[in-house]
Amino acid sequence: MKKYLGIPVGLAFFGFFVLAYLALASDWHRHKRAPDQPIDFSHKIHVGMVGLECLFCHETADKSTFAGIPTVEKCMSCHKNVATNRPEIQKLAAYWNAQTPMEWNRVHRIRVRNHVYFSHKRHVKANIDCAACHGEVEYMDKIRQISSLEMGWCVQCHRQKEAPTDCLTCHR
Amino acid sequence: MNRREFVRLMGLASSASLLSSCGLERETEKLIPYLVPPDDGVVPGVSVHFNTTCTECPAGCGVSAKVMDRRAAKLEGIETHPVNEGALCIRGQASISTLYHPDRLRHPFIKDGQGDFQQTTWDNAYSIITDALKNASGDKTGSGVDPKPRKHVFLSGRTTGTFSEAVDSFCKETGVERLPEFEFYPYSAIREANRILFGRAQVPSYRIDEADLVLSIGADLFETFVNPVSFAAQFGRSKKRSSFGWIHLEPHVSLTGLQAKERHTIAPGGEIYLLSHLLREVSKVNVAGDRHIAGMAELLPDLLPRGFAEKTGLGVETLDALSRRLIRARRPLVIAGGVSTMQPSGLDVAVLTGLLQWATGMLGGTVRFEEAVDYDRVGSFRDVEQLEQRLESGDIGVLFLCRVDPFGTTAGGSGSHTLVKLKDNFEKATLRIGMGEFMTKTLEMCDVVLPLSHTLESWGDARPRGDILSVVQPAVEPIHDTRSDGDVLIQLTRAYQGAATALSYQEFLIGRLKVRHGSATIEKLLSEGFVKRRVEPLTVTLDRDALTHHLRRIIYDDSHVKPVLVVAPSIRFFDGRSRGLPLLSEIPDPLTTVSYGGWVSISEATAEELTVKDTDEVTVSVSGWKTALPVKIQKGLPRGVMMIQWASHDDTPFDFDRMSGEMMTIYEGAAIAKTGRSVAIPALSGSLTPEGRKVIPYLGEEDQHHHGESEGHPTFYPKHEHKDYRWGMVIDLDLCIGCSACAAACYIENNIPVVGAKLHLDGREMSWIRIEPVYAEEGDNVEFLPMLCQHCENAPCETVCPVYATYHNPEGLNAQVYNRCVGTRYCSNNCPYKVRRFNWFDFKRPDDKNATVNPEVSIRGKGVMEKCTFCIQRIRGARDTAKDEKRKIKDGEVIPACAQTCPTNAIHFGNLEDETTEVGRLAKSERAFQALGFLGTDPGVYYLRGVWKKVHG
């Protein structure tokens, strides 16, 4: 009797590690995709506190495949006067004074090798909430990727919303 | 640098970094937004179009350049442009690849003492040039020994519009003599003939679309002659008229000839007899009235019908029918050109043709001098000979060469013709200044090389025809330290005068245009790309004295020594200037399917006599020129006629006619001998005949219906359901002229790699659409079959894919999912149409930073199968617009790249499911058939059988 106990105990012991690994792995992407940015821009302040609309800054999200990142001029249109004493705003002003564009690090990225063509415009026009993919950015100081952006994740939503699931919808 | 420039450059940098990161798996990727929003309202990821003019050849087709993220991605014809009517030829499509070509000249260069090129600045180059210009004695050493004053001369390719004025003012200000312009195809025989006949040294415009009978003699209307896209487009429209007839006569076999309703082989040099016969017959009808030519017809040879038949190689009945039909036609059009005017009797052919045009009332109707094509400043090879003699005598000081490459195509090889002599005496000019985009053989011999901007980076205008003004405007910022030719001339003038302010060529151009046409016209010109002006009808009078004088001088030389070598114009390389475009060598010649390298076409009879077969090597020689080439047997080529293509290999024979100054294309007394070796030539078609398989079911058999052969074929698989759309294509074989523009458009649109000769020899070409010439086993019929993925309903490829990478999509597309594909190549093996292409390698793109990539189509990597997608990106684009407007996709809204560029509109695309659409209707037509339909594949591509041509044999 005793000698058979070893198997479930062993299974439970190693199984714990396997499960822990899987749990970590499944959640890992949420934590890994939060690269440092040239300035510590906070969506929490701009969206959560000031209440800016997404399209106010990402102005081509309903016009183009790219959502668009605001120009330094756009940032400065407010920050000429707003919060000019904060260090991060001073960094921004330094970019503007040097007339240098900012190099943001990409957070969300569908792997290029997958031959995938994603259009922001179509999803915005279909009234998909930005948060459905990008999460509740109004609570994020530092932006990070909360969705896996893998095909299975795309397809489950497409199925749910009865959007096309033909391969050629995205792959070409 | 002003603010605007800075912003533009920043924009370029950001898109460059975005694009360069494509295809790489990198951890961090930069996103660089604009510093300030672009003031032209460009949205990243959304394409904009600039209307401009193609300058790859002198035809002047209007093009719309698609620019995405400040990168030019594709050229397409402007739909309403009167020259090309929305189409673009194979060369026009390929010309975009020069913009981002890595070999482009990036800086000015000067030659140092060792003969090596050293990079320099524009200012330095200008000061060297102005110093030399001011030193009229042309003395290099400064010792003052050279006593003879030298002339500075400016030689350019054909110029048109305001740039020509800029050259004039440059030459005037700096005391430079402007030479007649250099072209390999100057149409000088036609211009000289029209000068003799009517006192107008011009190339008239020919209106095929207004004629009811076209009689073309030697003119390669679809290859290079004046305006190939325009002719093809007019021909496409005319064929639909029941009254339209077209007879073509030529000594060899050309793409143009094979499209005519009737094609006759004329003996080389027989053209003057044919025209004499026709003129004599016409003179019997035109006995009175303004157009009587009785007196002149008497000067023409008077032979019995059998005599004319013997001289022309045509039958008595054929000659009789030709003259009867010409006289009966209400609006006839006779065109002589190409090989018929580029031979020893070329000028006489052109004169007799002009007289025939006049006598049958074509002038002002189908032949229009009021819309003359702008060749006014172009010289001929007589002028080149003069330049060579002046160089030899030490008469030339500074020699400017702007966009000319006389040594690129020939002159490297054997012989001692004018171009070789020109090359030998080239050194005798004190300073040679070359202007161009690439280091050509001519530019290599220059002392100063000035890099010119690409058309898509420059301002300019063009006058393709008397009634059309077309604009050249920049679509992208200059990539390298280059300047447009107009700017170079203006800056040089300023440097010469020592003035500080420099007007830009853009200001010069707009200023001139405003003065001439007014602001309203300029606005229209800039937005639409062209303006069409009304031209007053012109009364052309015949100079009877000059004509009589010429007719008396015609020598009827019958001593034609066979075999004859025809140097035919090439649809791919034009006069040789397009040879540098790699895509044009990648796409095979439509007659032989040979892609890379040269070959000699011989007749079946000659092959039998010599006991040679395809790929056997022979030596071909004409006086002073000899080369070894592989053989390709050409069906339909008469005995005693051999054919090579101009510029298809490094050394083509050259000579010119002293009378007209026209390049010679027919060489008598050629010799051919077997070498015993065999050379592999990349002929992409395994066989030019169907070998008994009914690729085109009716070819060579009696009239039979082949519609719906796939129907009722037993199949194990369930039928596909299509809800809204089943995308399909209908290709009209009556209209396909085999010009291969579709193939070029497809390469550019779909990022298809150019793989080179070696892989072609291994049968690993990558084209998604190809032109298959299908020669009938019996008789001389040939059909050009554009072959692309047939998007079969019962696709043999789909059932064998082990990983479901290829499948049938609900809209009838045979889809290929690249990231599923594991490269078993089962699909390709099972495809009866050989349209699937496998990526054996990761093909390196020739341009740096993947610049000429269409960002809407992915780049496939090694180990993946690919094929035609029916331009899925365009279907998706149309769906995007349709969804925005909450409607279905309209008929004609999706136009694949191949259909878009087709000059004759042979390709139709749309929804087969809906019978009211154009394809829905055409697919039900009596003429419709499916290629290899008997296999039961039920393709989504229908072909309409050719019924227009009258086929002999």
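No experiment lies behind these values; they were computed from the predicted model shown.

A few words on the overall build of chain A. Regarding its fold elements, chain A presents eight helices and one strand. The order of α-helices and β-strands along chain A, N terminus first, is α-α-α-α-α-β-α-α-α. The globule rule puts the C-alpha radius of gyration for 172 residues at 16 Å, and the 22 Å found for chain A is more than 25% above it. If one aligns the C-alpha atoms of chain A with their principal axes, the spans along those axes are about 80 × 40 × 30 Å. Buried residues in chain A amount to 16% of all 172 residues.

What follows concerns the pairing of strand β24 (residues 625-633) of chain B. Judged from the three bridges that link them, strand β22 (residues 600-602) of chain B and β24(B) form a sheet pairing that is parallel. Directly across from Val600(B), in β24(B), lies its bridge partner Val631(B).

Listed by partner, the interface residues are 34 residues for chain B and 31 residues for chain A. Considering every element that reaches the side of chain B that touches chain A, the biggest residue donor is helix α25 (residues 872-884) of chain B, with five residues. Here the residues of the side of chain B that touches chain A sort into 19 nonpolar, nine polar and six charged. Summarising the sheet, strand β1 (residues 104-105) of chain A and strand β1 (residues 30-31) of chain B pair through two bridges and their orientation is antiparallel.

A few words now on the domain arrangement of chain B. Each assigned domain of chain B is listed with its residue range as follows: domain 1 (109-184 + 378-456 + 479-517), domain 2 (188-373), domain 3 (564-678) and domain 4 (727-944). Using C-alpha coordinates to define each centre, domain 1 of chain B is positioned 39 Å away from domain 2 of chain B.

Residues and elements named next belong to chain A. At a closest axis distance of 10 Å, the pairing of helix α4 (residues 72-79) and helix α5 (residues 87-98) adopts a crossing angle of 125°. Looking at the two axes, α4 sits oblique to α5. Note on packing geometry: the crossing formed by α4 with α5 is left-handed. Here Val72, Cys75, Met76 and His79 of α4 lie close against α5, whose contacting residues are Ile89, Leu92, Ala93, Tyr95 and Trp96. Of the residues belonging to the contact of α4 with α5, the class tally is eight nonpolar, one polar and no charged.

Residue and element names in this part refer to chain B. When you tally the buried positions in strand β14 (residues 367-373), you get five out of seven residues, the bulk of the element. Of the strand pairs in this sheet, strand β9 (residues 203-206) and β14 are connected by three bridges, and their pairing is antiparallel. Looking at β14, one finds that serine 205 is bridged to arginine 368.

Residues and elements named next belong to chain B. Looking along the chain, the bond that leaves lysine 562 and enters proline 563 is cis, with omega of -5°. Within the secondary structure, proline 563 sits in the loop between α18 (544-553) and β21 (564-568). For valine 226, which is not glycine, the phi torsion reads 50° and is therefore positive. With a phi close to 55°, arginine 403 is a non-glycine residue in the positive phi region. Relative to the assigned elements, arginine 403 resides in the loop between β15 (396-402) and α13 (418-424). For arginine 403, a count of 20 C-beta atoms within 10 Å gives the class buried.

Before going further, it helps to examine the confidence of the model for chain B. All names here are of chain B. Mean pLDDT over chain B works out to 89, with 92% of the residues at or above the 70 mark. Contacts for the low-pLDDT stretch residues 12-26, under 50 throughout, to residues beyond four places or in other chains number 24 contacts. Overall fold confidence for the complex sits at a pTM of 0.91, while the interface term, ipTM, reaches 0.84.

Moving on to the packing of helix α9 (residues 305-312) of chain B against helix α10 (residues 316-328) of chain B. Residue and element names in this part refer to chain B. Closest axis-to-axis distance for the α9/α10 pair is 8 Å, and the angle between their directions is 100°. As judged from the angle between their axes, α9 and α10 are roughly perpendicular. Across the interface between the two elements, Pro305, Arg306, Phe308, Ala309 and Thr312 from α9 touch Val316, Leu319 and Asp320 from α10. In the contact of α9 with α10, the residues fall into five nonpolar, one polar and two charged.

To continue, consider α10(B). Residue and element names in this part refer to chain B. Over its 13 residues, α10 runs 18 Å from end to end, which matches the ideal 18 Å to within 8%, given 1.5 Å per residue. Those residues of α10 lying buried are Leu319, Leu322 and Ser323. Down the axis, α10 shows its buried residues gathered within 90° of arc, on one side only. Facing away from the buried side of α10, by more than 90 degrees, are the exposed residues Glu317, Arg324 and Arg328. Where α10 is buried, its residues contact β11 (245-250), α7 (271-285) and α9.

Let us look at the environment of Pro344(B). All names here are of chain B. With respect to the helices and strands, the residue proline 344 is situated in the loop between β13 (332-336) and α11 (346-359). Here proline 344 falls in the buried class, since 21 other C-beta atoms lie within 10 Å of it. With 134 residues separating them in the primary sequence, proline 344 and glutamate 210 have C-alpha atoms 32 Å apart.

Moving on to the sheet that holds strand β16 (residues 431-436) of chain B. Hydrogen bonds between backbone groups are what pair the strands of a sheet, and the pairing can be parallel or antiparallel. Residues and elements named next belong to chain B. Taking strand neighbours across the sheet as the criterion, the seven strands line up as β6-β5-β17-β16-β15-β7-β8 in an open arrangement whose pairing is mixed. Since the sheet does not close on itself, it has two edges, and those belong to β6 (117-119) and β8 (177-178), each with one partner. Pairing geometry for strand β7 (residues 151-156) and β8, over two bridges, is parallel. Along β8, the bridge assignment pairs valine 153 with glutamate 177. Contacting β5 (109-111), β7, β15, β16 and β17 (448-451), helix α3 (residues 122-134) crosses the sheet at an angle of about 130° to β17.

Reading the values: rules and limits
Residues numbered from 1 in each chain as written. Chains lettered and ligands numbered in written order. Predicted model: local features only at pLDDT ≥ 70, side-chain atom pairs only at ≥ 80, totals over all residues. Helix = DSSP H or I, 4+ residues; strand = E, 2+ residues; numbered from the N terminus. Rg over C-alpha atoms; globule rule 2.2 N^0.38 Å. Buried ≥ 20, exposed ≤ 12 C-beta atoms within 10 Å, placed from the backbone. Pairing = 2+ DSSP bridges. Contact = placed C-beta atoms within 7 Å. Nonpolar A, V, L, I, M, F, W, Y, C, P; charged D, E, K, R; others polar. Domains from an automatic or database assignment. Axes fitted to C-alpha atoms, helices over the stretch in contact; angles between N-to-C directions. Parallel < 35°, antiparallel > 145°, perpendicular 65-115°, else oblique. Left-handed = near helix turned anticlockwise from the far one by under 90°. pLDDT = per-residue confidence, 0-100. Expected span 1.5 Å × (residues − 1). Arc of directions from axis to C-beta.

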